Amino acid sequence: MLRYAAGEVAAFSELYQRHKDHLYRFVMGSVGDAGTAEEVAQDTWEAVLGAATRYTDSAAFTTWLFTIARRKLVDHYRRSERSGAAQADAAVEELVAAVHEGPERQLQSQQLLLLIAQLPPDQGQALLLKEEGFSMKQIADIVEVGEETVKSRIRYARSSLRSSLGVAYEH
């Protein structure tokens, strides 16, 4: 990021390629809708570009990137006029589309994403960040709460998923 801020345009392409899938999985898991996920991810990358000159390497780039993504998700939720039921309907439509597209594994992933999208946003985001490999400290930095709060959110999210799935969710 420092190279891009210094004028090396190719450095941004490298960052984008390295982190785009990771970021998209987090956003998609948070919103449960591919169109919205694309929009929020794009808003995140635009914010990264706009903030390039203010970037400092005081934290890992991924922590900084996911902090921006989380803020973009909060913005999305604030301006969204869709009710919780409408969001669930959109996620169900995606689930139905997945049935026609691919194997059972993809369907199971879509079902899990649907359930995660129905969790309270704070719990779903913490769980998704953990699944993406972030440490408790990094998650706490991204969502701007203490580590114990992150642990609680993940515990509650896993408990809700266990109840919804009727199985032990163990990640």
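Note that the structure is a prediction, hence the values are computed from the model and not measured.

Draft legend 1. Seen up close, the pattern of salt bridges. One pass over the structure, following the stated rule, counts 10 salt bridges. With its nearest N and O atoms 2.7 Å apart, the salt bridge here joins R18 to E14. With a gap of 4 residues between them, R18 and E14 both fall in helix α2 (residues 9-31), about one helical turn apart. Owing to a relative accessible area of 36%, E14 belongs among the partly exposed residues under this scheme. One salt-bridge network, held together by shared partners, links R3, E8, E14 and R18.

Draft legend 2. Structural view of the packing of helix α8 (residues 136-143) against helix α9 (residues 147-165). For the pair α8 and α9, the least separation of the axes is 8 Å and the interaxial angle reads 100°. Our classification of the angle between α8 and α9 gives roughly perpendicular. On α9, the residues touching M136, K137, I139, A140 and V143 of α8 are E147, V150, K151, R153 and I154. Its residues assigned to classes, the contact of α8 with α9 shows 6 nonpolar, no polar and 4 charged.

Draft legend 3. Spotlight on the side chain of R153. Within the secondary structure layout, R153 lies in helix α9. With sequence-adjacent residues up to four places away left out, R153 is seen in contact with D122, Q123, A126, V143 and V145.

Draft legend 4. Focus on the packing of aromatic side chains. Going through the model one piece at a time under the given rule, you end up with 9 aromatic pairs. Of the aromatic side chains, those joined through ring pairs into one cluster are Y4, F12, Y16 and W45. Above the face of the Y156 ring, R155 is positioned so that its terminal group lies 5.5 Å from the ring centre.

Draft legend 5. Quick peek at the packing of helix α7 (residues 121-131) against α9. Two numbers describe how α7 lies on α9: the axes approach to 8 Å, and their chain directions differ by 95°. In this view, α7 runs roughly perpendicular relative to α9, as classed from their interaxial angle. For the pair formed by α7 and α9, the contact residues are D122, Q123, A126, L127, K130 and E131 on the first element and V150, R153, I154, Y156, A157, R158, S160 and L161 on the second. Broken down by class, the residue content of the contact of α7 with α9 amounts to 7 nonpolar, 2 polar and 5 charged.

Draft legend 6. Local environment of the side chain of T63. Within the secondary structure, T63 sits in helix α4 (residues 61-79). Residue T63 is classed as buried on the basis of its relative accessible area of 7%. Other than its neighbours up to four places away in sequence, T63 contacts F134, Q138, D141 and I142.

Draft legend 7. The arrangement of the nonpolar core in detail. Within the largest apolar cluster, 37 residues are counted, with the highest numbers of intra-cluster contacts made by L23, F26, V48, F61, F66, L129 and I139. Elements supplying a minimum of two residues to this core: α2, α3 (34-50), α4, α6 (104-117), α7, α8 and α9. Broken down by element, this core gets its largest block of residues, 7 residues, from α2. Beyond its immediate sequence surroundings of up to four residues, F66 is in contact with H22, L23, F26, L129, F134 and I142.

Draft legend 8. Quick peek at α4. Its 19 residues place the ends of α4 27 Å apart at the C-alpha level, agreeing with the 27 Å of an ideal helix rising 1.5 Å per residue. Listed as buried for α4 are F61, T62, T63, L65, F66, T67, I68, A69, R70, L73 and H76. Contacts from the buried residues of α4 go to α2, α3, α7 and α8.

The rules behind the values
Position labels on residues start from 1 in each chain and follow its written sequence. With pLDDT at 70 or above as the cut-off, local features in this predicted model cover only qualifying residues; side-chain atom pairs require 80 or more to be listed or tallied, and sums for whole chains, interfaces and linings still use all residues. With hydrogens and water excluded, all non-hydrogen atoms of the structure serve as input to the side-chain values. Salt bridge, as applied in this entry: a Lys or Arg side-chain nitrogen positioned within 4 Å of an Asp or Glu carboxyl oxygen. Secondary structure elements follow DSSP: runs of H or I no shorter than four residues count as helices, runs of E no shorter than two count as strands, and numbering proceeds from the N terminus. Whether a residue is buried, partly exposed or exposed follows from its accessible area with a 1.4 Å probe, protein chains only, as a fraction of its type maximum: under 20%, in between, or over 50%, in that order. Interaxial angles span 0 to 180 degrees and are taken between N-to-C directions of axes, which are lines fitted to C-alpha atoms, for helices over the stretch in contact. Each angle receives one of four descriptions, namely roughly parallel if under 35 degrees, roughly antiparallel if over 145, roughly perpendicular if within 65 to 115, and oblique otherwise. Contacts are residue-level and defined by heavy atoms, with any inter-residue pair within 4.5 Å sufficient. Basically, the charged four are Asp, Glu, Lys and Arg, the nonpolar ten are Ala, Val, Leu, Ile, Met, Phe, Trp, Tyr, Cys and Pro, and anything else, Gly included, counts as polar. Any pair of Phe, Tyr and Trp rings, taking the six-membered ring for Trp, is counted once the centres come within 6.5 Å. Such a pair is stacked with planes under 30 degrees apart, edge-to-face with planes over 60 apart, and tilted for the rest. Here, a charge over a ring is recorded when the distance from Lys NZ or Arg CZ to the ring centre is within 6 Å and its angle to the ring normal is within 35 degrees. Joining through side-chain atoms within 4.5 Å is the link that ties buried Ala, Val, Leu, Ile, Met, Phe, Trp, Tyr and Cys residues into a set, and such a set is a nonpolar core. Multiplying one less than the number of residues by 1.5 Å gives the expected span of a helix.

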